[in-house]
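Fold and geometry: a report
Single-letter residue listing:
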Amino acid sequence: MSTEDPSSRPRRSAPAALLAVTALCVLLLVSAVHPEANQVPAEGADDGLPVLRAAAEAEEETHYAAVRRVTGPEGRSASLRVANHPDRGIVFAPAGSEDEPFVVEASQALESLDDRLLEVLRETYRVVDAGRTELGGRSARLVEAVRADGTVAGRFWVDTDNDLLVGRTAYDRDGGAALSMNLTDLETGEGEWPDHAWTGQPWGEALEAGDREDLRSEGWELQEHLTWDLHLVDARATRHEGHKVVHAVYSDGLAQISLFLQRGKLETDHPTAPFGGYVGTEQGGAGISSGHDTIFGGDAGQYQTMWQADGFVFTVLADAPADLATSAVTALPSPEGSSGFWARVERGLDRMGPL
Amino acid sequence: MSSEHLGERLSALVDGELGPDEHERALIHLAKCEPCRFEADMTRRLKSRLHGLGEPEPDLDFMGRLSSLDGRSGQDGPNPFAPPLGGGFGAGPPLGSSRPLGGFPGDPDGPGGEPLAANTPGTAAPGEPPTAAEERGERGRSEFLAQLLTPFPGGRYAVAGAAVVTALLGTAFVAGGEAEDTPVVEPRLADFAVEHAVTSRHIPVETSPEAQETRAEAGAEQAGR
């Protein structure tokens, strides 16, 4: 027979009950963040992929000039003239500023990037040939990128006469059109090459798998996947004032997100406070930047944000749906917006990693 | 003093037990007698070393456990493992100090003895060794401290856990500090924008009022599909 005081039993079992409740809460939280049904690669026949490959080849072989119309998530549109010279590059000139063109010079690096983008599209979505349709009065073949749950993530229109990609739209997870581009006033044939142009080429130092592994071992946040659908498709580096800057390109095959990494920290008077440590957009990448419009200039489906964490400065530029840009930003280390005790402890735990 | 050696008086000389005259005569003999001088020196050294050994110190941990055993027996009633004389091992008188049969002369328990007032609690003279009551007080304070750490089963694990958490927080606080040599950088956003435009093959564009007016006809077809 026990001589234990019965009134003391509830108190002694309280820690055990608390532990059980905590474990249950953790279990529920873990199960709550499990990937949703549509957050997995879509399987099935990719019968639309040959159509897109043909369009990529036509881009490398066909001279043309057209007007590219870009429409953002709020329906705001903007236009620029484009002229494709397969051997030399693509000329861009915003409407009304044709005398200040920007040229992306042709390079093997960009052709390889196109191949990887198509491969990522195939890995992430089911690429379906949806048949013939019309776009702007032109006959086109419609190709759809379908998620695992059957919703459409993107559409491509390929001109049936010349195999050129004349339209593309990326949709957010709610089904809204997030970013659209289509070509109008299309004319094939070799046009003029500008006498004076601002030119650009990809940064010269390509980072192969071994280089990326070395950088990761040195603390660089250069992940192969940001999220289940954002794959690293290209990584390059250059030097600014002697310090290495890395450019990592992530894509789901429909949109591109550029992540720029460099060691260092921002100025203490940098305006990080208004957006919880993020500069340029609201926390998580949502919202259109107003901080760097004069530098980046765009406001049609383009996102940009900058912050510091773990001894690095992160800058994200994205031509992507807002939810995709948000998932990319939140997959990276959180900004160091506070110097308080718990913020420092949290930062230290992050740096220590799993014990 | 004769020319004989000191013999047994040598030990008394070393112990200082000789009378003044005997002591004077012994010293005169030592001045003349080399063997006795040597023996006196050796005897002095031997006694000195024996005195330097002192008494063995009791093991504190062992004594602590004995004390707790004693205290617990007082709290929980009779201890079935207690020695029949009561109290723990070592609590009784040392061996050889037991009272002889018939008692000591003047022993109150013995024949013709009288009560000993000094045995009454609280009447110990200053400077005397602590009484049993004082020892119980000291033991009670140490037991109070021990009970503070064990208010519930697993208390020592809670203390260990708190120490681990404190160490973890301290380590994380240090690790979360900002490196002094981290350079201040100003990202070249213009260069980043160009690099992004090159890889995405798209340049940022500003929307114009005219373009916004025509947005319905521009994007409706693609967005509505």
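Residues numbered from 1 in each chain as written. Chains lettered and ligands numbered in written order. Predicted model: local features only at pLDDT ≥ 70, side-chain atom pairs only at ≥ 80, totals over all residues. Heavy atoms only, no water.

1. A few points about the nonpolar core
Residue and element names in this part refer to chain A. Within the largest apolar cluster, 31 residues are counted, with the highest numbers of intra-cluster contacts made by Y64, V82, F92, F102 and W157. Beyond its immediate sequence surroundings of up to four residues, V82 is in contact with Y64, A65, A66, R68, V91, F92 and L183. In this structure, L215, L226, F312 and A320 belong to the second largest nonpolar core, which totals 29 residues. (Core = buried A, V, L, I, M, F, W, Y, C linked by side-chain atoms within 4.5 Å. Buried < 20%, exposed > 50% of the residue type's maximum accessible area, 1.4 Å probe, protein only. Contact = heavy atoms within 4.5 Å.)

2. Quick word on the pattern of salt bridges
For the structure on display, the rule yields 19 salt bridges over all chains. A salt bridge links D234 of chain A to R236 of chain A; the nearest nitrogen and oxygen atoms lie 2.9 Å apart. We note that D234 of chain A, like R236 of chain A, is buried. Measuring nitrogen to oxygen at the nearest pair gives 3.9 Å for the salt bridge that ties R25 of chain B to E22 of chain B. With R25 of chain B and E22 of chain B both in helix α2 (residues 20-32) and three residues apart, this pair spans about one turn of that helix. Connected via shared salt-bridge partners are R212, E213, R216 and E224 of chain A. (Salt bridge = Lys/Arg side-chain N within 4 Å of Asp/Glu carboxyl O. Helix = DSSP H or I, 4+ residues; strand = E, 2+ residues; numbered from the N terminus.)

3. Some words on helix α6 (residues 322-330) of chain A
Residues L324, A325, S327, A328 and V329 of chain A constitute the buried set of α6 of chain A. Along its buried surface, α6 of chain A packs onto β12 (225-227), β13 (230-240), β15 (256-263), β16 (302-309) and β17 (312-319) of chain A.

4. A look at the packing of aromatic side chains
Counted by the stated rule, this structure contains six aromatic pairs over all chains. A ring pair is formed by W307 of chain A and F314 of chain A, whose centres lie 5.3 Å apart and whose planes are at 10 degrees; its orientation type is stacked. The pair formed by W307 of chain A and F314 of chain A is uniform in burial state, with each residue classed as buried. Grouping aromatic residues by their ring pairs yields a cluster made of W203 and F260 of chain A together with F192 of chain B. (Phe/Tyr/Trp six-rings, centres within 6.5 Å; stacked < 30°, edge-to-face > 60°.)

5. Structural notes on the pairing of strand β4 (residues 102-105) of chain A
Residue and element names in this part refer to chain A. By the bridge criterion, four bridges tie strand β3 (residues 89-94) to β4 in an arrangement that is antiparallel. Within β4, the residue paired with G89 across the bridge is E105. Judged from the three bridges that link them, β4 and strand β10 (residues 198-200) form a sheet pairing that is parallel. Bridge pairing links V103 to T199 in β10. (Pairing = 2+ DSSP bridges.)

6. Remarks on the environment of A95 of chain A
Tracing the chain through its elements places A95 of chain A in the loop between β3 and β4. Setting aside residues no more than four positions away along its own chain, A95 of chain A makes contact with S79 and L80 of chain A.

7. Overview of the packing of helix α2 (residues 49-61) of chain A against helix α3 (residues 108-124) of chain A
All names here are of chain A. At a closest axis distance of 11 Å, the pairing of α2 and α3 adopts a crossing angle of 165 degrees. Judged on the interaxial angle alone, α3 and α2 are roughly antiparallel. Between α2 and α3 lies a crossing whose hand is right-handed. On α3, the residues that touch L49, L52, R53, A56 and E60 of α2 are E111, L118, E119, L121 and R122. (Axes fitted to C-alpha atoms, helices over the stretch in contact; angles between N-to-C directions. Parallel < 35°, antiparallel > 145°, perpendicular 65-115°, else oblique. Left-handed = near helix turned anticlockwise from the far one by under 90°.)

8. Things to note about unusual backbone geometry
In this model, D185 of chain A sits at a positive phi of 55 degrees, which is unusual for a non-glycine residue. Looking at where D185 of chain A falls in the secondary structure, it is placed in strand β9 (residues 177-188).

9. Re the side chain of D234 of chain A
Residue and element names in this part refer to chain A. By secondary structure assignment, the location of D234 is in strand β13. Take D234: its relative accessible area is 9%, and that puts it in the buried class. Side-chain polar atoms of D234 contact the side chain of R116, separated by 3.3 Å. Each residue touching D234, except ones within four places of it in the same chain, is listed here: L113, R116, H247, A248 and V249. (Polar contact = N/O pair within 3.5 Å; in protein donor to acceptor, adjacent residues only side chain to side chain.)

10. Brief notes about the confidence of the model for chain B
All names here are of chain B. Chain-level statistics for chain B give a pLDDT mean of 64 and a share of 41% at 70 or above. No element of chain B has a lower mean pLDDT than helix α9 (residues 215-223), which averages 45, and none a higher one than helix α7 (residues 189-200), which averages 87. The low-confidence segment residues 71-127 (pLDDT under 50) makes 22 contacts with residues lying over four places distant or belonging to another chain. Model confidence for the complex is summarised by a pTM of 0.60, with the ipTM given as 0.80. (pLDDT = per-residue confidence, 0-100.)

11. Some details on a negative patch on the surface
All names here are of chain A. Where like charges cluster on the molecular surface, the negative patch consists of E57, E60, E61, E111, D115 and D163. Going through the elements one at a time, α2 and α3 are the ones with two or more residues in the negative patch. Residue placement: E57 occurs in helix α2. (Patch = residues over 30% accessible without salt bridge, like charges linked within 9 Å, V, L, I, M, F, W, Y side chains within 5 Å. Areas by Shrake-Rupley, 256 points an atom, 1.4 Å probe, with all protein chains shown as cover. Lys, Arg positive; Asp, Glu negative; His and termini not counted. Charge placed at Lys NZ, Arg CZ, Asp CG, Glu CD.)

12. With respect to the side chain of D229 of chain A
Residue and element names in this part refer to chain A. Relative to the assigned elements, D229 resides in the loop between β12 and β13. A polar contact is formed between the side chain of D229 and the side chain of R173, at a distance of 3.1 Å. Of the polar contacts made by the side chain of D229, one reaches the side chain of T227; its length is 2.6 Å. Aside from chain neighbours lying at most four places away, what touches D229 is T124, Y125, R173, S251, D252 and L324.

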